[in-house]
Amino acid sequence: MLITMKDALKVAQKNKFALGAYNIGNHELLRVAVETCVENNAPLILAIHPDELEYLTDGFVEYVKFEANRVSIPVVIHMDHGGNIDQIKRAIKCGFTSVMIDVSHADFEENIKKTKEVVAYAKNFNVSVEAELGTIGDLGDTLEGGSPTIIYTDPSVAAEFVERTQIDTLAVAVGTSHGIYPKHMTPHIRTDIIKEITKVVSIPLVLHGGSANPDNEIAEAVSLGISKVNISSDIKVVLFNEARTYLDNNIGAMEPLKIFPTGIEAAKKVIKHKLGLLNCVGKASLYK
Ligand SMILES: [Zn+2]
């Protein structure tokens with residue numbers, strides 16, 4: 001069942017759980033996300049970054065839509081970190097039900113201006129819009145990018161940003177980074193900032209860079225009002241490490257149906273674990 005982000009997160013916000021948004025840069029990742037969420041009766045967000053769309057091609061989205069409509073759980077197809085209006089238009093033409101416009105690197109007024117343009121366009125198609133205030137960290141080698149140092153969202157301007165842009169969901173920078181943290185770095189989610197933002201902003205909040213953060217911090221962030229958590233690296237790392245092991249142990253192996261199954265099973269376990277942290281298991285029933 002294909003739905004918009006606004007409808008998906010409204011229920012999550014009311015019932016204090018979060019949906020996971022999983023980047024599906026190939027067929028195996030799509031399978032992992034859909035199968036695990038169906039098995040756990042959990043609503044699902046399938047995220048595709050503009051660079052991933054370029055790689056997958058628009059035809060792949062037809063398959064994603066087919067899967068979304070085939071299953072009974074709610075599914076959102078979301079563009080992750082759209083960088084300009086052309087990428088947004090392409091996503092909407094393909095049938096995405098949600099887009100993110102990320103102008104977080106620009107100054108406040110520029111962020112508002114560009115985000116408003118996307119909101120004005122997307123509302124013609126009943127497509128939800130997410131924007132980012134503050135800048136999420138980047139640990140390198142990620143499509144999503146970010147800032148080498150996290151620029152925390154300023155709660156004192158968050159309400160103005162939401163009011164002036166009329167966005168549906170707000171991505172906040174509260175201590176997470178895209179990618180996997182190196183061993184010497186201990187991430188810490190600033191729950192005090194989440195609390196301050198929820199006092200002044202009523203729309204659902206989004207946490208990016210949700211891989212490799214301590215489980216208790218993710219769960220606490222959800223209990224405080226985060227309604228969507230983006231998880232990408234944790235799943236990809238497991239899928240491809242398993243595939244790498246298989247290839248190392250089976251020189252000359254070339255069949256995808258032999259290379260990927262152990263990785264698919266391992267990655268499904270990661271998502272199942274995350275669904276528990278997000279309090280998302282069984283929540284698809286709330287949408288019926
Ligand atoms: Zn992100």
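Residues numbered from 1 in each chain as written. Predicted model: local features only at pLDDT ≥ 70, side-chain atom pairs only at ≥ 80, totals over all residues.

Caption draft 1: The arrangement of the sheet that holds strand 3 (residues 75-82) in detail. The strand order 1-2-3-4-5-7-9-10 describes a closed barrel built from 8 strands, whose pairing is parallel. Across the sheet, the mean angle separating the axes of adjacent strands is 25° when strand polarity is ignored. Here strand 1 (residues 19-23) runs beside strand 10 (residues 226-231); their pairing, made up of 4 bridges, is parallel. Directly across from Gly20, in strand 10, lies its bridge partner Val229. Packed on one face of the sheet, helix 1 (residues 5-15) meets strand 1, strand 2 (44-48), strand 3, strand 4 (98-101), strand 5 (128-133), strand 7 (169-172) and strand 10 and runs near 120° to strand 10. (Pairing = 2+ DSSP bridges. Helix = DSSP H or I, 4+ residues; strand = E, 2+ residues; numbered from the N terminus. Axes fitted to C-alpha atoms, helices over the stretch in contact; angles between N-to-C directions. Contact = placed C-beta atoms within 7 Å.)

Caption draft 2: Just helix 2 (residues 27-39), in detail. Taking 1.5 Å as the rise per residue, helix 2 with 13 residues should run 18 Å; its terminal C-alpha atoms sit 18 Å apart, in good agreement. By the burial criterion, the buried members of helix 2 are Glu28, Leu29, Leu30, Val32, Ala33, Val34, Thr36 and Cys37. Following helix 2 by one or two positions, Asn41 has its phi on the positive side, about 50°. (Expected span 1.5 Å × (residues − 1). Buried ≥ 20, exposed ≤ 12 C-beta atoms within 10 Å, placed from the backbone.)

Caption draft 3: Quick peek at helix 6 (residues 108-122). Between its first and last C-alpha, helix 6 extends 21 Å over 15 residues, near the 21 Å set by a 1.5 Å rise per residue. Looking at helix 6, one finds that the buried residues are Asn111, Ile112, Thr115, Val118 and Ala122. What you see down the axis of helix 6 is that its buried residues fit within an arc of 135°, all on one side. Of the exposed residues in helix 6, the ones pointing more than 90 degrees away from its buried face are Glu109, Glu110 and Ala120. Looking at the buried side of helix 6, the elements it contacts are helix 5 (85-94), strand 4, strand 5 and helix 7 (155-165). (Arc of directions from axis to C-beta.)

Caption draft 4: Structural detail: the environment of Met5. Looking at where Met5 falls in the secondary structure, it is placed in helix 1. Of the residues examined, Met5 has 28 C-beta atoms within 10 Å and is grouped as buried. Along the backbone, Met5 and His49 are 44 residues apart, and their C-alpha atoms lie at a distance of 16 Å. Leaving out residues up to four positions away in the same chain, Met5 has contacts with Val76, His78, Thr97, Ser98, Ser128, Glu130, Asp168 and Thr169.

Caption draft 5: Geometry of the pairing of strand 3. Of all 8 residues in strand 3, 8 are buried, a share of seventy percent or more. With 5 bridges connecting them, strand 2 and strand 3 associate as parallel partners. Across the sheet, residue Leu46 finds its bridge partner in strand 3, namely Ile77. The pairing of strand 3 with strand 4 spans 3 bridges and is parallel. Opposite His78, over in strand 4, you have Ser98 as the bridge partner. Crossover strand 3 to strand 4 through helix 5 is right-handed. (Right-handed = clockwise from strand over helix to strand, strands pointing away.)

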